[in-house]
There are 2 protein chains.
Amino acid sequence: MTKKISKSVPQPTIRRLPSYLQVLNELKNKGGSYVSSSFIAGQLQLEAIQVRKDLSATGVTGQAGVGFDVAELIKHIEEFLGWDNTHDAFLIGCGNLGAALIGYEGFKDSGLNIIAGFDVDKSKIGKMFAGKLVFDLEKLGNLVSRMHINIAVLAVPPRQAQDAACYAVSCGIKAFWNFTPVQLEVPEGIIVERVGLESSLAVLSSRLKEQLKAEKVKR
Amino acid sequence: MTKKISKSVPQPTIRRLPSYLQVLNELKNKGGSYVSSSFIAGQLQLEAIQVRKDLSATGVTGQAGVGFDVAELIKHIEEFLGWDNTHDAFLIGCGNLGAALIGYEGFKDSGLNIIAGFDVDKSKIGKMFAGKLVFDLEKLGNLVSRMHINIAVLAVPPRQAQDAACYAVSCGIKAFWNFTPVQLEVPEGIIVERVGLESSLAVLSSRLKEQLKAEKVKR
DNA sequence: TAGATTGTTAATCGATTAACAATC
DNA sequence: TAGATTGTTAATCGATTAACAATC
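Reading guide: rules and limits
Within any chain, residue numbers begin from 1 and follow the written order of that chain's sequence. Chains and ligands are labelled by the order in which they are written, letters from A for the one and numbers from 1 for the other. Note on the predicted model: pLDDT of at least 70 is required for a residue's local features to be given, and 80 or more for side-chain atom pairs to be given and counted; whole-chain, interface and lining totals, by contrast, use all residues. Side-chain descriptors were evaluated using all non-hydrogen atoms of the structure, hydrogens and water having been removed beforehand. A score between 0 and 100, pLDDT records how confident the predictor is in each residue. Residues count as neighbours in contact if any of their non-hydrogen atoms are within 4.5 Å of one another. For any pair of parts, buried area is found by adding up, for both, the accessible area (1.4 Å probe) each one loses once the two are put together. Salt bridges are identified by distance alone: a Lys or Arg side-chain nitrogen within 4 Å of an Asp or Glu carboxyl oxygen. We call two N or O atoms a polar contact when they sit within 3.5 Å, provided that within protein one can donate a hydrogen and the other can accept it, with sequence-adjacent residues counted only if both atoms are side-chain atoms. Only runs of H or I of at least four residues qualify as helices and only runs of E of at least two qualify as strands under DSSP, and these elements are numbered from the N terminus. Ten residues, namely Ala, Val, Leu, Ile, Met, Phe, Trp, Tyr, Cys and Pro, are considered nonpolar, four, namely Asp, Glu, Lys and Arg, are considered charged, and the remaining ones, Gly among them, are considered polar. By convention in these notes, a residue is near a molecule or strand provided one of its non-hydrogen atoms lies within 4 Å of it. Burial classes follow relative accessibility: with a 1.4 Å probe on protein chains only, a residue under 20% of its type's maximum area counts as buried, one over 50% as exposed, and anything between as partly exposed. Our superposition of the copies is a least-squares fit, built on the C-alpha atoms of residues whose pLDDT is at least 70 in both. Aromatic rings from Phe, Tyr and Trp, taking only the six-membered ring of Trp, are treated as a pair when their centres fall within 6.5 Å; an angle between ring planes under 30 degrees marks them as stacked, one over 60 as edge-to-face, and anything in between as tilted. Two strands qualify as a pair provided that DSSP identifies no fewer than 2 bridges between them. A clockwise course of the path from the first strand over the helix to the second, judged with the strands pointing away from the viewer, identifies a crossover as right-handed. Lines fitted to C-alpha atoms define the axes, with helix axes restricted to the stretch in contact, and inter-axis angles between N-to-C directions lie between 0 and 180 degrees.

Undergrad: Explanation requested: the confidence of the model for chain A in the structure shown.
TA: Reading fine detail from the predicted coordinates is not recommended where pLDDT is low. Per-residue pLDDT for chain A has a mean of 92; in total, 96% of the residues score no lower than 70. Within the model, pLDDT remains below 50 along residues 1-6 of chain A, and this stretch shows 0 contacts once partners closer than five positions in the same chain are excluded.

Below is the structure:
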C-alpha cells in the first residue's frame, strides 16, 4: 500500500505562492528578517489566515508570536515550487511573442531559463534573439536529447500549435508552457500548462463593462 | 429598494467563456449551426453540465433536445463579455514584451485594439512598432482625453510600474491590463487585471516536479 | 413516439474564513 | 507576564457535479 504523503496542495494556493515570494524578496532586500502572515496579506490585499493556510500547505512552520523567518521561507517556497534549481527550456516559435519571451529576464527568478529558440522560418534561423540562437526546428530532437531539456515554451501561430506539439513530444519534450490559444492534445504523462491571456482579458472586459454601466446609471 | 438584477457570474465561469468562443468559432467556420453542451465539453475536456451551467449564467438558453444555435451563442457570449464592440487601448512600455503585445493580432478577437504605444525612451519615440506609433509618455494625458481611451496595457519594467500607473490614472485611464509583476495601488473605481505569468509557471513547475519524482520512484 | 438535450433543484465537494487554544 | 502570532479544528461559503423532469 502506498502512503499518500500529502493531500495535494490546492491550485489556488500554488498560484498565490509566487506573489508571496515577491513580497518576501522585496522584504529581504530591505533587510527584514521576520514576517507575519498579516504583513504578507496586507501587501497583497489578502487575509492573514489565507496566507497562513497556504504556507502551512507547503509544509513550513513559523514561530508563534514571532512569525516566519524570511530567508528560510523564501528558500522553502522556492524548493516547493522547484524554483530552486533552474530548468532549462527551449522556445518554439520566434515571432513577436517568442521574441519577447526569449528576452524576458524575469523568468530566471522563477527557475526558467530559455536557452535557445527554434523556428521553421529560414530567415530567422541562425540569428540571435536577446543573445540566444535560433535553430531550425528540425534540430529540436537532436538538441533535446543532447542537452536533456524537458520544457518547451510554445509560441507558434495557432494553426501550427498542435503539429509543433506532437513533433516536440516525439523529440522528447515532457512539458509545454503553452502561449497559444490552442487546447493541445498530448499523450498521457505529458504536461501542458496554458497561459490564458484571453481569460484574463475576459475578466478585465466584464469588469470594465460593469463599471461603465454603473457610471452611466449614476449620471 | 434596488433590484439586484443577477447574482454576479462566478469568475471561473468568465474565465472559461473565451474557450467556448474559440470552439464555437471553429465550429462556425466548418459550417456547424447547432452545438450541444456535451460537444463543447468534449473539445475542452470539461463536463457538459458545467458548460450548461456557465452558459445559463450568462443568460442564454438553448433548445431542449437540439442544443444551442452556434451563431447566436457566439453573439451572446461576445456581448456578455463586451467583446462585441472593440475597445481601443494604449500600450505603456514598448520594450520586449510591449513590442510583442502591440504586434499581437489575436487581441482583436477579444475586442481589444492597441492603437498606439508610449515610452519614456527617446530612442523609441516616433518609431513604428507593428504599424503603430510610439509617443512620448508625456503626451499620454493629451491623447487619452482626445481619443477617449479607457484601457492601458501596462508593460513597463517593474520598478516603474507603480509610477506609470499613477501617472496614467491622472491622465484619465480607467482600467489596466497589468503585465508587470507589481501589485498596483490604484484609487477606488480603477480596474486592474494582472496577468500572472508566474502563477501559471508555478503550476507548471510544481506539476513537473511531481511528475519527475513519480518517474524516479517507478524506476 | 423515441431519443436527445436542456435547465432546474438538490447533493457534494473543496476552498475560504472564523474561532481559539497553544506558544513564543 | 502581556502581547503577538501561529496552526488546528470547525463553520461557512461558493463552485462543481448529480439527478431528473420538461421539452423539442
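Undergrad: Is there a simple way to think about the interface of chain B and chain A in this case?
TA: One frequently used descriptor of interface size is the decrease in accessible area upon assembly of the parts. At the junction of the two partners, chain B supplies 55 residues and chain A supplies 55 residues. The largest per-residue losses of area from chain B upon contact with chain A belong to I191, L201 and L204 of chain B, which jointly make up 12% of the total buried on that side. Applying the counting rule to chain B against chain A returns 2 salt bridges. Two residues, E193 of chain A and R207 of chain B, come together in a salt bridge whose shortest N-O distance is 3.7 Å. Summed over the shared surface of chain B and chain A, the number is 18 residue pairs in polar contact (both at pLDDT 80 or more). Among the elements that line the side of chain B that touches chain A, the one with the most residues is helix α8 (residues 197-218) of chain B, at 16 residues. Here the residues of the side of chain B that touches chain A sort into 29 nonpolar, 17 polar and 9 charged.

Undergrad: Sorry, what's going on with the protein's contact with DNA strand C here?
TA: Around DNA strand C, 22 residues are found, and the nearest of them are Q63 of chain A together with S37, R52, T61 and G62 of chain B. Separating a sugar or linking oxygen of DNA strand C from a side-chain N or O atom of Q50 of chain A is a distance of 3.2 Å. Contributions of two or more residues to the surface near DNA strand C are made by α1 (11-29) and α3 (48-58) of chain A together with α3 (48-58) of chain B. A breakdown of the residues in the surface near DNA strand C according to their chemical character gives 8 nonpolar, 10 polar and 4 charged.

Undergrad: Before we go on, may I ask you to explain the pattern of salt bridges in this structure?
TA: It is possible for side chains of opposite charge to pair when their charged atoms get near one another. Residues and elements named next belong to chain B. The tally for this structure, following the rule as stated, stands at 16 salt bridges over all chains. In this structure, K124 engages D121 in a salt bridge whose closest nitrogen and oxygen atoms are separated by 3.8 Å. Of the residues examined, K124 reaches a relative accessible area of 22% and is grouped as partly exposed. Take D121: its relative accessible area is 29%, and that puts it in the partly exposed class. A salt bridge links R194 to E198; the nearest nitrogen and oxygen atoms lie 3.1 Å apart.

Undergrad: Help me out: how do you make sense of the protein's contact with DNA strand D in this one?
TA: In the vicinity of DNA strand D there are 22 residues, among which S37, R52, T61 and G62 of chain A together with Q63 of chain B approach most closely. Protein-adjacent atoms of DNA strand D, using a 4 Å cutoff, are sugar or phosphate at a proportion of 57%. Within the side chain of R52 of chain A, a nitrogen or oxygen atom sits 2.5 Å from a base oxygen of DNA strand D. A distance of 3.2 Å separates a base oxygen of DNA strand D from a polar side-chain atom of K53 of chain A. Sorting the residues of the surface near DNA strand D by element identifies α3 of chain A together with α1 (11-29) and α3 of chain B as the ones contributing at least two each. Split into classes, the residues belonging to the surface near DNA strand D amount to 8 nonpolar, 10 polar and 4 charged.

Undergrad: For this particular structure, what's the right way to read the relation of the copies chain B and chain A?
TA: Look at the two chain copies: a rotation about an axis and a shift along it is all it takes to match them. When chain B is fitted to chain A, the best match, at an RMSD of 0.0 Å, comes from turning it 180° and sliding it 0.0 Å along the axis. Given the turn and translation reported, the copies of this chain are related as if by a two-fold rotation axis. No C-alpha of chain B lies nearer the rotation axis than that of A100 of chain B, which sits 2.9 Å from it. Mapped onto chain A, 100% of the interface residues of chain B are again interface residues, and the two copies thus contact each other with one and the same surface.

Undergrad: Mind showing me how you'd approach the packing of aromatic side chains here?
TA: Geometry of an aromatic ring pair is reported as the spacing of the ring centres plus the angle between the planes. All names here are of chain A. Taken as a whole and assessed by the stated rule, the structure comprises 10 aromatic pairs over all chains. Between F107 and W177, the ring centres sit 5.2 Å apart and the planes meet at 70°, which makes this aromatic pair edge-to-face. Of this pair, F107 sits in the loop between α5 (96-103) and β4 (112-119) while W177 sits in strand β8 (residues 175-178), placing them 70 residues apart in sequence. For the pair formed by F107 and W177, the shared burial category is buried. Through a chain of ring-to-ring contacts, the aromatic side chains of Y104, F107, W177 and F179 assemble into a single cluster.

Undergrad: What is the right way to look at the side chain of T13 of chain B in this model?
TA: Summarising the element assignment, T13 of chain B is placed in helix α1. Contacts of T13 of chain B, omitting those with residues within four sequence positions, involve D54 and A57 of chain B.

Undergrad: I keep staring at the pairing of strand β7 (residues 151-154) of chain A and nothing clicks. Help me out?
TA: Residues in a regular strand point their side chains to alternate faces of the sheet. All names here are of chain A. Residues I151 and V153 line one face of β7 and the alternating positions A152 and L154 line the opposite face, and both faces are buried. In the sheet, strand β3 (residues 87-92) pairs with β7 via 4 bridges, with the strands oriented parallel. For F90, the partnering residue across the bridge sits in β7 and is A152. As judged from the 4 bridges shared by β7 and β8, these two strands associate in the parallel manner. When the bridges of β8 are listed, V153 appears paired with W177. With respect to chirality, the unit in which β7 leads through helix α7 (residues 158-170) into the neighbouring parallel β8 is right-handed.

Undergrad: Looking at this model, I keep getting lost on the environment of D84 of chain A. Mind explaining?
TA: All names here are of chain A. Relative to the elements of secondary structure, D84 occurs in the loop between α4 (70-81) and β3. A residue is classified by how much of its surface remains accessible, and D84, at 41% relative accessible area, is partly exposed. Separated by 25 residues in the primary sequence, D84 and D109 place their C-alpha atoms 9.2 Å from one another. The contact partners of D84, leaving out residues within four places of it in the chain, are E78 and E79.

Undergrad: Sorry, what's going on with the sheet that holds strand β3 (residues 87-92) of chain B here?
TA: Within a sheet, each strand pairs with its neighbour through backbone hydrogen bonds, oriented either parallel or antiparallel. All names here are of chain B. The strand order across the open sheet built from 7 strands is β5-β6-β4-β3-β7-β8-β9, with neighbouring strands paired in mixed fashion. Two strands close off the open sheet at either side, each with one partner strand: β5 (128-129) and β9 (191-194). In the packing of helix α5 (residues 96-103) onto the sheet, contacts are made with β3, β4 (112-119), β5, β6 (132-136) and β7 (151-154), and the angle to β4 comes to roughly 150°. Those strands touched by helix α7 (residues 158-170) are β3, β7 and β8 (175-178), and its axis lies near 155° from that of β8.

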